[in-house]
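Observations on the model geometry
Here is how the chains run, residue by residue.
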Amino acid sequence: MYPVMKARGFTLIEVLVSLLVLAIGVLGVATLQLSTYRQLQTSNNYAIAALLGGDMADRMMANSAQGLLGTYVHDAAPNNAPDCSATTCNSSQRATYDMARWQAQLAGNADVWGGAGLPSGSGEVAAVTGSTNEFEIIVRWDDDRSGSTGETCPPADDDDLDCHTVIVRL
């Protein structure tokens, strides 16, 4: 007869293997959480872009006489915009005020819109070629905060900013 031998250390190996499996699972959950956070941020940025694009379209429709004259066509904030919230403005001054306020909203100016702008946010309004009453509103931002600067819309590669386009007919 063979003597009965007790197995030693077997339970310790099982515990170590269980800890390894648990650690891999926790890392997987953490990676999933990070991915979810990035996707939520992207979704939030697209929602803000849609709201701001619609905001400029509403401003143009409310001041359609100046819109049809092309006063709203711009690609940067105007200089010396009047403060139409404090004083009475004519329709041309109102258009300048609207453009300055919109550009400040895109950049996330807390005094204008609670600071909920877009990362490297910018925008432009351009007349649609061949039309006298259609305008293209483009909102751009650097969603992944990689320092992108390209302005092709829709983005052609990673160097282009993310964008959202609204067409408004006055």
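Above this text you will find the structure in question.
Here the structure is a predicted model, which means the values were calculated and not measured.

**Let's talk about the side chain of Arg-140**
Within the secondary structure, Arg-140 sits in strand 2 (residues 134-141). Look at Arg-140 and you get buried, because its relative accessible area is 6%. At 2.7 Å, the side chain of Arg-140 forms a polar contact with the side chain of Glu-124. Separated by 3.1 Å, the side chain of Arg-140 and the backbone oxygen of Glu-151 make a polar contact.

**A short note on the packing of aromatic side chains**
Under the criterion given, the structure shown has one aromatic pair. Between Tyr-46 and Trp-141, the ring centres sit 4.9 Å apart and the planes meet at 85°, which makes this aromatic pair edge-to-face. Remark: Trp-141 occurs in strand 2 and Tyr-46 occurs in helix 1 (residues 10-62); sequence separation between them is 95 residues. The partly exposed category is assigned to Tyr-46, whose relative accessible area is 36%.

**Description of the pattern of salt bridges**
This structure, assessed with the given rule, holds five salt bridges. Across the salt bridge formed by Asp-55 and Arg-59, the nearest N and O atoms sit 2.9 Å from each other. Of this pair, Asp-55 and Arg-59 both sit in helix 1, four residues apart, roughly one helical turn. Look at Arg-59 and you get buried, because its relative accessible area is 14%. With a shortest N-O distance of 3.0 Å, Asp-98 and Arg-59 are connected by a salt bridge. Linking Asp-98 in helix 3 (residues 91-107) with Arg-59 in helix 1, this pair joins segments that are 39 residues apart in sequence.

**Quick notes on helix 3**
In this model, helix 3 (17 residues) spans 24 Å end to end at C-alpha, consistent with the 24 Å of a helix rising 1.5 Å per residue. Along helix 3, the residues that are buried comprise Ala-95, Thr-96, Tyr-97, Asp-98, Met-99, Ala-100, Trp-102, Gln-103, Ala-104, Gln-105 and Leu-106. Directly beyond the C-terminal end of helix 3, a positive phi value near 85° is found at Gly-108.

**Some details on the pairing of strand 1 (residues 122-127)**
Where a strand is regular, its side chains alternate between the two sheet faces. In this structure, strand 1 lies alongside strand 2, joined through six bridges in antiparallel fashion. Of the residues in strand 2, the one forming a bridge with Glu-124 is Ile-138. Once strand 1 ends, the chain turns through six residues before running back antiparallel as strand 2, passing Gly-130 with a positive phi of about 85°.

What counts and what doesn't
- Residues numbered from 1 in each chain as written.
- Predicted model: local features only at pLDDT ≥ 70, side-chain atom pairs only at ≥ 80, totals over all residues.
- Heavy atoms only, no water.
- Helix = DSSP H or I, 4+ residues; strand = E, 2+ residues; numbered from the N terminus.
- Buried < 20%, exposed > 50% of the residue type's maximum accessible area, 1.4 Å probe, protein only.
- Polar contact = N/O pair within 3.5 Å; in protein donor to acceptor, adjacent residues only side chain to side chain.
- Phe/Tyr/Trp six-rings, centres within 6.5 Å; stacked < 30°, edge-to-face > 60°.
- Salt bridge = Lys/Arg side-chain N within 4 Å of Asp/Glu carboxyl O.
- Expected span 1.5 Å × (residues − 1).
- Pairing = 2+ DSSP bridges.

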